[in-house]
Structure formats: structure tokens, C-alpha cells
Amino acid sequence: MSELLTAAQMRAIEQAAIDSGEVTGLELMERAGRGVVEAIFEEWPELAKTSHKAVVLCGPGNNGGDGFVVARLLKEWGWAVGVFLYGDAEKLPPDARVNYERWLSIGSVSGTSADTSVFNDQNETREDVALYVDALLGTGLMRHFGDLPVVQDDLNIVAKQFRKKAGVGRVVAIDIPSGLSSDTGYYPGYTHSDPIEDCIIANLTVSFHTKKVGHVRVFGPAACGKVVVKSIGLEGSPRPRGGMQSPPGRAVGDCPAVPPGEIVKLVERPNSLGKQSNTHKYSHGHALILAGSSGKGGAARLAARGSLRIGAGLVTVAPTPGALQENAARLDAIMLSPVGDAPTLEAVLADERLNTLCLGPGLGQERARELVPVALAAKRATVLDADALTAYADNPAELFSMLHESCVMTPHAGEFARLFPDIAEKLNAPATKGPAYSKVDATREAAARAGCVVLFKGPDTVIAAPDGRCSINSAAYERSAPWLATAGSGDVLAGFITGLLARGFNPMQAAESAAWLHVECALSFGPGLIAEDLPEALPEVFRKLDV
């Protein structure tokens, strides 16, 4: 899995390389600028064939220094380039100041103010400019950016028109669109419902070394357009020591603004999905899916189907005795074992071949309160979803006291808020400055409190373990799967995790692999998807993966 860095972690990695003497800050800035120009010409080859006009908006920090490099390189390519500076040239950081001076030797700089428009410099119109480069703020943003409202409106209009193929100009952001937090994917301090309507967005975002957390979270995918990562030569360079303190600017309430040694990972194609040829069904585990009463069994059947399809050797659904017949009419390869009460479940679990449990989908809250303690006392790998979580909304601590390290909790936002109301309150509080408390922070804190893996569902699903390991399964960009927003898809995900746990995957690995496959199944099926289609899409996904 590739890394997703915060702004502080990226700065620490760059500084470690500089301190080692391996590279200078000025060299990194030159590499970044060249990487941006390369990315532009790779994305739009027609721009490299002849000269065009560009407007480069440079900010008061090192992101602005990258912009001066881009302006110089485009000018050397034969382009007509207009440069705006937001800030005081006398206060530019040293490396940015060097590149500002280099630009002044071949071009001029215009100042900006709250009413400056990027469309009226030197009588240029919107149609004259092929490229606008946002080098205003980059990853260093720690507050609401409303200083240049006209510029923000201008770039928003240009990017939207290009997306609609209604304009010739395009917006390229260096690092991340200005105003967007690279740590959270939010626009700090923005109070309206949809910042994509008003704030700076891009058609192409060029990042360096790795993607940042904000590229794949919340508004990041919609704002960035497309993200390209360019190397600036830091691969294999010295890294900050694991466990070291973060640079200044910790998250709200001294929350886990992640030390550089605790990197968030982007979930990618899982390994070890195949089965060995010299095994039998019990080699791949036996999953028990606890189900509800009559008329409430659909969710559990979806979970069971997902568990079986993903490779569990055997799957048994355990409904109430009164629901046995209706489940028998719908299940074939999946077995049935009626469980009416806690003593019956205890007796069923005497069979130690039942190595994995799933509780929650369609279970019913009263039934969950009775069965969850017995299930957790058995110390088997266990997935808790839906009713198994909501049943403890009045006393989350009671649930946490029973959980163990082989458990996986899979809350959506509402369930998360019921179990972790104080964490949810911090998460939902509007951020006005500093590295905002993010979904990554919230999931990490929840996992530490619960003592097990927590998978916080959403298009930017965050998965965290009690020891701080964390990953994001992003359903964005080329993996955007809006069809997953359908009833029952979460039940199938719970079943996928259960099946992988039954096969012997550890909880973090099972949650990550299941979440990735869940999205892949939706992509494979496409529009019109319903939950029942997800398990049936797995065989084709496995064939594509050469499992």
C-alpha cells in the first residue's frame, strides 16, 4: 500500500533529506516546478506543441516558489506568462525568494488584492489563457482562505467550464487547490453547504512524492480533478524517526496529529486471496452469521452470501426458530442453525470449528443485547455491524469492555456518532485554524478506545487498529463507485470481512481487503447495482486479479 502523508509529515521528510546533505531546498523546489510542467504536458500534449498563454498565481510561501519555477520554465518553452504575487516579496522564504529573483530577470510580477481578477491583466480575456497555475498556498494552509474572493471565483469558473468542455483554460494546482486542507479534505472555515460551488478547484493537481490525505477525503476528489504524483527524488532518502513528535500545529485538543512515523496508507489491491490446492473446506474456516426474527433475515443472508463468495469454507446462518423456514427457502450452500436465545448460542459455539462470527445485520437490538455478550465471550474473530452497534448506544462502554483484538466494528457515520458521541462532536465541529481534527484522527481514537479494528464507512472509508495503524479505502477518482449507496451494501461488506476472517486474515488485513474488493465489485458491475449483485460480482473480480 502506498503512503498518504499529512502536511507535517511531508515537511519532516523533506527536512530530513535536506539535513542529511542529500539535497537542498532549492533543488527540491526546482524538481517540483519541473514536475508540474511535465505533468501538464503529459496530461495535455497539445500544450507542448506550440506556445500559449499562462497565468501563474504565486503565494507568500514555498508553494509560490514552485510557481515561480513553473513560470520560468513555461517562459523558456516560448509561452507568454503573467505572474501574480499574493504577499510581500520581501517576506518570501529564502528559496522562494531566489526563484522570484530568477523570474524577475525574464518577466514581471503583478500584485494582488481582494478585488484582483485574473482575467483583466494586460487586457487578456478568459479565452486568451490556456493555463492557470494555482501556486498560492499548497499544503501549508491552517486557516480559512477568503483573502482573494475574486481570484477564487475566477479559478472556480475556469475549472468548471473546462470540465464541461465549455472553455479553453484549465486550472492546475500545485500540491492541492488553495483553501483545501491537505490533512482533512475540508475547506477550513467554509460554512456553506458545497465549497465546490465557490472555492478554488482544479482540473489537474500535481502532488510530490506521494498523495496527501486530503487528496482522497471529503471534498478532495471533487476539488482536485485528477491527481498526478511526481517524484522530487526523495525515494530512499532518510526518514524521520518513528514515534517522533509532530512539528508545531497539532490538531484541535492535542488530538493525534500523526507523528511522522505513523503514516496513513492507501488501500490497494490485496494479496493472498487465492486458496491452496491441498486444502478442504474446513481449512478456510466456518463463519456463523447471527440473524433476526421472521421477516428480518435479508440482511443476514446478504452477509452470508458475501462471506461464502469471498472464500469462507462453510457459512451458517443462525436465525430465530420461527424464521428457519423462510431462510431455508432462500439458502442452499449456506447452512442453518436456529438460535433462539443466549444458552442456545453458547451451545452452538461449543463447536470450535466455528471460528468467525458476524452479528448485527437484521439482528434486532433486543436480540443483539442478549447474544453479543455470549458471542464476544467466545473470543472468536467477530464482526459487529448495524444492530450489534446501535444496541449499545445508551452505554457504549459496556460494549467496549467486552470487545477483544480479534473484533472488527463497521459503523457508518450515524452508528459511529452513537458509540463515540464525543469523538463525533470533535469531528463535526467546524475547523477554523490549525490541522483540523479529521476522520483519520477520529477513527484512530475510536479504535484505541474500543480496543479493536474500526472501519468507519463512507466513500473515504477509514480503517484503524488500536495500535495506531490506519488506512483509507478511497472510492474516488477512477475508483468512484456511487452505486454502492444502496440498501444492503454494508451488510455485504460485513460478510466479506467475516469470510476473510474465517479464512485466517488478521482483522486489519480482512477489513482492508474486504473494503477494496467491495468497491471493485461495484466497479465491475456498474450502474444499476443492488446489494445482491455484489457477491455475484466477486468471481469476475477474482478472475481479473488472477486469483
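Not measured: the values here are computed from a predicted model.

Trainee: Residue-level account of the environment of Ala 368, with values.
Mentor: Within the fold, Ala 368 resides in helix α10 (residues 365-377). With relative accessibility at 0%, the residue Ala 368 sits in the buried group. Placed 359 residues apart in sequence, Ala 368 and Gln 9 show a C-alpha to C-alpha distance of 42 Å. Excluding residues within four positions of it along the chain, Ala 368 makes contact with Leu 363, Pro 373, Asp 387, Ala 388, Ala 391 and Tyr 392.

Trainee: Tell me about the side chain of Arg 503, and name the residues and values.
Mentor: As for its placement among the helices and strands, Arg 503 is situated in the loop between α16 (489-502) and α17 (507-525). Among the polar contacts listed, one links the side chain of Arg 503 to the backbone oxygen of Gly 274, at a separation of 3.0 Å. Look past the residues within four positions of Arg 503 in its chain and what remains in contact with it is Ser 272, Leu 273, Gly 274, Lys 275, His 284, Ile 310, Gly 311 and Ala 312.

Trainee: Account for the packing of helix α14 (residues 421-428) against helix α15 (residues 439-450), with residues named and values stated.
Mentor: Two numbers describe how α14 lies on α15: the axes approach to 10 Å, and their chain directions differ by 170°. If you check the angle between α14 and α15, you find them roughly antiparallel. From α14, Asp 422, Ile 423, Lys 426 and Leu 427 reach across to α15, where they touch Lys 439, Ala 442, Glu 445, Ala 446 and Arg 449.

Trainee: I'd like to hear about the sheet that holds strand β3 (residues 80-85), residue by residue, with values.
Mentor: In space, the seven strands of this open sheet follow the order β4-β3-β2-β5-β6-β7-β8, with parallel pairing throughout. Two strands bound the open sheet, and with one partner strand each, they are β4 (109-111) and β8 (227-230). Taken over all neighbouring pairs, the strand axes of this sheet differ in orientation by 25° on average, direction set aside. In this sheet, strand β6 (residues 170-174) lies alongside strand β5 (residues 131-135) in parallel orientation, the contact comprising four bridges. What sits directly across from Asp 134, in β6, is Ala 173.

Trainee: Talk me through the pattern of salt bridges; I want residue IDs and the actual numbers.
Mentor: Under the defined criterion, the tally for this structure stands at 23 salt bridges. Here Glu 30 and Arg 34 are joined by a salt bridge, their closest N and O atoms 3.3 Å apart. Of this pair, Glu 30 and Arg 34 are both found in helix α2 (residues 25-43), four residues apart, which corresponds to roughly one turn of the helix. Across the pair Asp 422 and Arg 449 runs a salt bridge whose closest N-O atoms are separated by 2.7 Å. With Asp 422 in helix α14 and Arg 449 in helix α15, this pair connects stretches of sequence that are 27 residues apart. The exposure class of Arg 449 is partly exposed, given its relative accessible area of 34%. Three or more residues are tied together by salt bridges with common partners; here these are Glu 30, Arg 34, Arg 72 and Arg 102.

Trainee: Explain the packing of α2 against helix α4 (residues 94-104) to me, using residue names and the numbers behind them.
Mentor: As a packed pair, α2 and α4 sit with axes 9 Å apart at the nearest point and diverge in direction by 55°. The angle between α2 and α4 falls in the class oblique. Between α2 and α4 lies a crossing whose hand is right-handed. For the pair α2 and α4, the contacting residues are Gly 25, Leu 26, Met 29 and Glu 30 in the first and Asp 95, Ala 96, Val 98, Asn 99 and Arg 102 in the second. Looking at side-chain class alone, the contact of α2 with α4 contains four nonpolar, two polar and three charged residues.

Trainee: Explain α10 to me, and be specific about the residues and the numbers.
Mentor: The α-helix advances 3.6 residues per turn, and as a result positions three or four apart in sequence lie on the same side. For α10, which comprises 13 residues, the first-to-last C-alpha distance of 18 Å matches the rise-based estimate of 18 Å (1.5 Å per residue) to within 8%. Considering bend angle alone, the principal kink of α10 is centred on Leu 371 and spans about 35°; proline Pro 373 follows within four residues of it. Those residues of α10 that sit buried are Arg 367, Ala 368, Leu 371, Val 372, Val 374, Ala 375 and Leu 376. Positive backbone phi, approximately 60°, marks Lys 379, located one or two places after α10.

Trainee: Account for the confidence of the model for the chain, with residues named and values stated.
Mentor: In this model, the chain carries a mean pLDDT of 92, and residues with pLDDT of at least 70 account for 93%. Across residues 242-261, confidence stays below pLDDT 50; counting only partners more than four residues off in sequence or on other chains, it has 38 contacts.

Trainee: Please set out the pairing of strand β14 (residues 381-384) residue by residue, giving values where relevant.
Mentor: In the case of a regular strand, side chains alternate between the two sheet surfaces. Because side chains alternate across β14, one face comprises the buried residues Ala 381 and Val 383, and the other comprises Thr 382 and Leu 384, equally buried. The parallel pair strand β13 (residues 354-359) and β14 is bridged by α10, and the resulting crossover is right-handed. As defined by bridge partners, β14 adjoins strand β15 (residues 407-409) across three bridges and the pair is classed as parallel. Residue pairing for β15: Thr 382 is matched across the bridge by Cys 407.

Cut-off values and rules
Residues numbered from 1 in each chain as written. Predicted model: local features only at pLDDT ≥ 70, side-chain atom pairs only at ≥ 80, totals over all residues. Heavy atoms only, no water. Helix = DSSP H or I, 4+ residues; strand = E, 2+ residues; numbered from the N terminus. Buried < 20%, exposed > 50% of the residue type's maximum accessible area, 1.4 Å probe, protein only. Contact = heavy atoms within 4.5 Å. Polar contact = N/O pair within 3.5 Å; in protein donor to acceptor, adjacent residues only side chain to side chain. Axes fitted to C-alpha atoms, helices over the stretch in contact; angles between N-to-C directions. Parallel < 35°, antiparallel > 145°, perpendicular 65-115°, else oblique. Pairing = 2+ DSSP bridges. Salt bridge = Lys/Arg side-chain N within 4 Å of Asp/Glu carboxyl O. Left-handed = near helix turned anticlockwise from the far one by under 90°. Nonpolar A, V, L, I, M, F, W, Y, C, P; charged D, E, K, R; others polar. Expected span 1.5 Å × (residues − 1). Bend = angle between axes of the 7 residues up to and from the residue. pLDDT = per-residue confidence, 0-100. Right-handed = clockwise from strand over helix to strand, strands pointing away.

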